[in-house]
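Coordinate analysis (summary)
Each chain, written out:
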Amino acid sequence: MGKSFDNSPKRPQENRNFIVKELGFNKTQLEQFRENSEGHHEIMMRLSDDVKNLKDNLFDRLSDNSINDATIDSISSLICEKEKQKEKEIFYHFKMIQDLSNDKQKEKFKTILKDALRQGGQGNRPPPPSKGKGHRPPPRNN
């Protein structure tokens, strides 16, 4: 679900239109939805950009002659914090949608979320290791 936020300007609008259409929001709900979700896309884009920049910074260090574990840990922790912020932003955005919904819409929304979580989980898994030919990282220089 969080992975659906890419840099395509059309994607967030498509997601919003899908939710509104599927849940059948009335005029009042639609107005509240638009008002409450106004900054969500911008926040997600900013956080995604932050993660990308931090990962660039991290992997730029691959060519360093010596690796400082404290620096790697620090950058990795910053990446984790940004990802945590993204997940919380998504959660509260979905909570807002649920709070706007009537009981029938809440059930439909629950189904949509479960389906999205099932589909999203499949795309994030690494391929299964080949027998006896798994990749092992090189030993660290401590």
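Here, the structure is the one placed above.
Residues numbered from 1 in each chain as written. Predicted model: local features only at pLDDT ≥ 70, side-chain atom pairs only at ≥ 80, totals over all residues. Heavy atoms only, no water.

A few words on the nonpolar core. Formed by 14 residues in total, the largest nonpolar core has its most connected members in Ile-19, Leu-23, Phe-25, Phe-33, Ile-97 and Phe-109. Per-element accounting of this core gives the leading share, five residues, to helix 4 (residues 69–100). Other than its neighbours up to four places away in sequence, Phe-109 contacts Ile-19, Leu-23, Phe-94, Ile-97 and Gln-98. (Core = buried A, V, L, I, M, F, W, Y, C linked by side-chain atoms within 4.5 Å. Buried < 20%, exposed > 50% of the residue type's maximum accessible area, 1.4 Å probe, protein only. Helix = DSSP H or I, 4+ residues; strand = E, 2+ residues; numbered from the N terminus. Contact = heavy atoms within 4.5 Å.)

Taking 1.5 Å as the rise per residue, helix 4 with 32 residues should run 46 Å; its terminal C-alpha atoms sit 47 Å apart, in good agreement. Within helix 4, the full set of buried residues consists of Ile-75, Ile-79, Lys-86, Glu-89, Ile-90, His-93, Phe-94, Met-96, Ile-97 and Leu-100. A distance of 2.9 Å separates the backbone nitrogen of Ala-70 from a side-chain oxygen at the start of helix 4, and that oxygen is part of Asn-68. (Expected span 1.5 Å × (residues − 1). Polar contact = N/O pair within 3.5 Å; in protein donor to acceptor, adjacent residues only side chain to side chain.)

What follows covers the packing of helix 3 (residues 40–60) against helix 4. One way to put it is that helix 3 packs onto helix 4 with a least axis distance of 9 Å and a crossing angle of 165 degrees. In terms of orientation, helix 3 lies roughly antiparallel with respect to helix 4. Where helix 3 crosses over helix 4, the two elements pack in a sense that is left-handed. Mapping the contact onto sequence places His-40, Ile-43, Met-44, Leu-47, Ser-48, Asp-50, Val-51, Leu-54, Lys-55, Asn-57 and Leu-58 in helix 3 and Ile-72, Ile-75, Ser-76, Leu-78, Ile-79, Lys-82, Glu-83, Gln-85, Lys-86, Glu-89, Ile-90 and His-93 in helix 4. Taken together, the residues of the contact of helix 3 with helix 4 break down into 11 nonpolar, six polar and six charged. (Axes fitted to C-alpha atoms, helices over the stretch in contact; angles between N-to-C directions. Parallel < 35°, antiparallel > 145°, perpendicular 65-115°, else oblique. Left-handed = near helix turned anticlockwise from the far one by under 90°. Nonpolar A, V, L, I, M, F, W, Y, C, P; charged D, E, K, R; others polar.)

Quick look at the environment of Ser-63 now. Here Ser-63 shows up in the loop between helix 3 and helix 4. The class of Ser-63 is exposed, set by a relative accessible area of 62%. Among the polar contacts listed, one links the side chain of Ser-63 to the backbone oxygen of Asp-60, at a separation of 3.5 Å.

Let us now look at the packing of aromatic side chains. Going through the model one piece at a time under the given rule, you end up with three aromatic pairs. Between Phe-91 and Tyr-92 the ring centres are 5.1 Å apart and the planes differ by 85 degrees, which places this aromatic pair in the edge-to-face class. Seen from their ring centres, Phe-94 and Phe-109 are 5.8 Å apart, and the 75 degrees between their planes marks the pair as edge-to-face. Note that Phe-94 is positioned in helix 4 and Phe-109 in helix 5 (residues 103–123), a separation of 15 residues in sequence. (Phe/Tyr/Trp six-rings, centres within 6.5 Å; stacked < 30°, edge-to-face > 60°.)

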